[in-house]
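The chain contents come next:
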Amino acid sequence: MSAASCLLTEDQFLCSICLDVFTDPVTIPCGHNFCNACITEHWNVNVQCQCPNCKEVFNYRPELRVNTFISEMAAQFRQSAQQKASSSSSEQHAAKPGEVPCDACTGTKLKALKSCLVCLVSYCETHLEPHLTMSGLKRHQLIDPVENLEGRMCTKHDKQLELFCKTDQVCVCILCTYSDHKTHDIVPLEEEYEGKKAELGKTETEIQQMIQKRRLKIDEIKHTVELSEEDADREIAEGVQVFTALKESVERSQAELINTIKETQRKTEKKAEGFIRELEQEISELKKRSTEVEQLSHSEDHLHLLQSFRTLNTAPPTKDWTGVRVSPPSHEGTVVRAVNQLEETLGKQMKKLFTEVELKRVQQSAVDVTLDPETAHPELILSDDGKQVNLGDVKKNLPDNPERFDTHAIVLAKQSFSSGRFYFEVQVKGKTEWTLGVVRESINRKGIIPLSPQDGSWTICLRNENEYKACAGPPVLLSLKSQPEKVGVFVDYEEGLVSFYDVKSAALIYSFTGCCFTEKLYPYFSPCFNAGGKNSAPLIISPVNHTE
């Protein structure tokens, strides 16, 4: 038997239905062999009794009997495999907790190397060898070892789940397609696997995109928090500065009030001390005269008494104290006057401090502004960097494009703004006339141009060396404590606000409020005419140096 088995191939001991080594092999009339359970199940499902290999049809179901020869040969193959597993087990380690054990090992369970989806068994290296060498077993699908291979079997038919019902979205076996899923859309697992894998790839891409968006949102939120923290620190610093200044003013006024009251009290005490010294001096003189009179009254020398009587009989000269009073000083109204004066001082100081804080805040919206030569009046001279403009003596021959101003000495900035806040500063030192502000894009560029919000401009100007006006239509005459050397222009588009500041003194010059902006806004500059050289200094767009 052993010699004969060596001449046989391993494929001869595989059932063509289950593709595994025969279990209880039987031979049917056509001569082909199958596992007893496999051929029985096959004929139970199919109406005709037909050989799965040669397709011969039998009129009646043949009686099945075990093929003793094939059964013995199959048993010998199993024994040989177990011996190989036993001899190599010493070279492999036992399965540890969490590792999949070999289902074929009878003693110590070794670590499984692969699991077979056809056999539904996990094999160690030794027991896996038939699947790597036998041609029939080579067709089995091997995967990395997994547990619960029974879950890959149909619970109803005890067959491998190798198909997918797209109608019910479940995995089914071949026999399910003849029963519960007979009319359903059935595809191989591999086909559905590829489709679902592609969907998972798409889902993974979408998830990664969602993750990236959320990471960007986290960065955005963190950046917002950082900006908020910076704003909070800046507000705290400004608040401390304001309240420290106010506290110092209050403490200074309190000290002045106390010193005033104490000084009045000192004067009262000094006056009282003078009166007391005079009174004590007179008392001393009167006591001396009293002693002399008392001594004379006890004298028994008649002549001495009579001679001294005239001198001692009258009191020494003293001051009439009847009308003398030391009235306590009245402090009524002192505190009230001090508080009123403090209120006035604080009002001025607070206004100045708040303006300084406000200027610091608007300077955070500083933008880079340059002059646009396409809009400049032909007599204007612009610097190469676009930061300075003054009026020349010669009218240049330039194209009269629609953007250019042809009558007034005006130039606009290249930059326009249609949202948010922006701020820029212009040096006006040495000039006797100028106009600054912002205008809307559609402002008239030709002929006489009226300046007012109704006409699309929000500007202030200097005329006649010291006459400042807000071009509000009608103009508003401005009263300034000092002549600005640098003017800051701030615009809040959504708020409808245009404000002008004296940068050096941190004072608000004028504000247009309640404006309604519907177009792009352009910074506006006019150095005005030279006035015989008196106004020849340029307007200079200056970098913003944040106030301390």
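Refer to the structure printed above.
Engineer: Can you help me understand the pairing of strand E20 (residues 497–502) in this one?
Structural biologist: Side-chain direction in a regular strand flips from residue to residue, so the side chains alternate between the two faces of the sheet. Taken across its six residues, E20 has six buried, putting it largely inside the fold. Side chains Leu497, Ser499 and Tyr501 of E20 all project onto a buried face; the interleaved residues Val498, Phe500 and Asp502 project onto the opposite face, where all are buried too. As paired elements, strand E19 (residues 486–492) and E20 share six bridges and run antiparallel to each other. Directly across from Gly488, in E20, lies its bridge partner Tyr501. Relative to strand E21 (residues 507–512), E20 is paired through five bridges, and the arrangement is antiparallel. Looking at E21, one finds that Val498 is bridged to Phe512.

Engineer: Teacher, can you tell me more about the packing of aromatic side chains here?
Structural biologist: The way to describe two aromatic rings as a pair is by their centre distance and the angle between their planes. In the structure shown here, the tally under the stated rule is nine aromatic pairs. Taken together, a centroid distance of 6.3 Å and an interplanar angle of 75 degrees make the contact between Trp43 and Phe58 edge-to-face. Of this pair, Trp43 sits in helix H2 (residues 36–45) while Phe58 is found in strand E4 (residues 57–58), placing the two residues 15 residues apart along the sequence. In this structure, Trp43 and Phe58 share a single accessibility class: buried. On the basis of an interplanar angle of 80 degrees and a centroid distance of 5.0 Å, the ring pair of Tyr510 and Phe512 is categorised as edge-to-face. Its relative accessible area of 5% is what places Phe512 among the buried residues.

Engineer: Can you walk me through the environment of Thr264 in this structure?
Structural biologist: Structurally, Thr264 is set in helix H6 (residues 189–297). Separated by 64 residues in sequence, Thr264 and Pro328 have C-alpha atoms that sit 9.7 Å apart. If we ignore the near neighbours within four places in the chain, the residues touching Thr264 are Pro329 and His331.

Engineer: For this particular structure, what's the right way to read the sheet that holds strand E13 (residues 411–412)?
Structural biologist: What links the strands of a sheet is backbone hydrogen bonding, and the strands pair in either a parallel or an antiparallel sense. Strand order in the open sheet formed by six strands is E13-E22-E15-E16-E17-E18, and the pairing between neighbours is antiparallel. The sheet terminates laterally at E13 and strand E18 (476–478), the two strands that pair on one side only. Note: strand E16 (residues 457–463) against strand E17 (residues 467–470), four bridges, orientation antiparallel. The residue of E17 that forms the bridge with Cys461 is Lys469.

Engineer: Looking at this structure, how should I read a negative patch on the surface?
Structural biologist: Together, Glu226, Glu229, Glu230 and Asp233 give the surface a local cluster of negative charge. Of note, Glu229 is situated in helix H6.

Engineer: Quick question: what am I supposed to make of the environment of His408 here?
Structural biologist: Assignment of secondary structure puts His408 in the loop between strand E12 (388–391) and E13. Judged by its relative accessible area of 25%, His408 falls in the partly exposed class. Spatially, the C-alpha atoms of His408 and Leu163 are 86 Å apart, while their sequence positions differ by 245 residues. Ignoring anything within four residues of it in the chain, the contact list for His408 reads His377, Gly447, Ile448 and Ile449.

Rules and cut-offs
Residues numbered from 1 in each chain as written. Predicted model: local features only at pLDDT ≥ 70, side-chain atom pairs only at ≥ 80, totals over all residues. Heavy atoms only, no water. Buried < 20%, exposed > 50% of the residue type's maximum accessible area, 1.4 Å probe, protein only. Helix = DSSP H or I, 4+ residues; strand = E, 2+ residues; numbered from the N terminus. Pairing = 2+ DSSP bridges. Phe/Tyr/Trp six-rings, centres within 6.5 Å; stacked < 30°, edge-to-face > 60°. Contact = heavy atoms within 4.5 Å. Patch = residues over 30% accessible without salt bridge, like charges linked within 9 Å, V, L, I, M, F, W, Y side chains within 5 Å. Areas by Shrake-Rupley, 256 points an atom, 1.4 Å probe, with all protein chains shown as cover. Salt bridge = Lys/Arg side-chain N within 4 Å of Asp/Glu carboxyl O. Lys, Arg positive; Asp, Glu negative; His and termini not counted. Charge placed at Lys NZ, Arg CZ, Asp CG, Glu CD.

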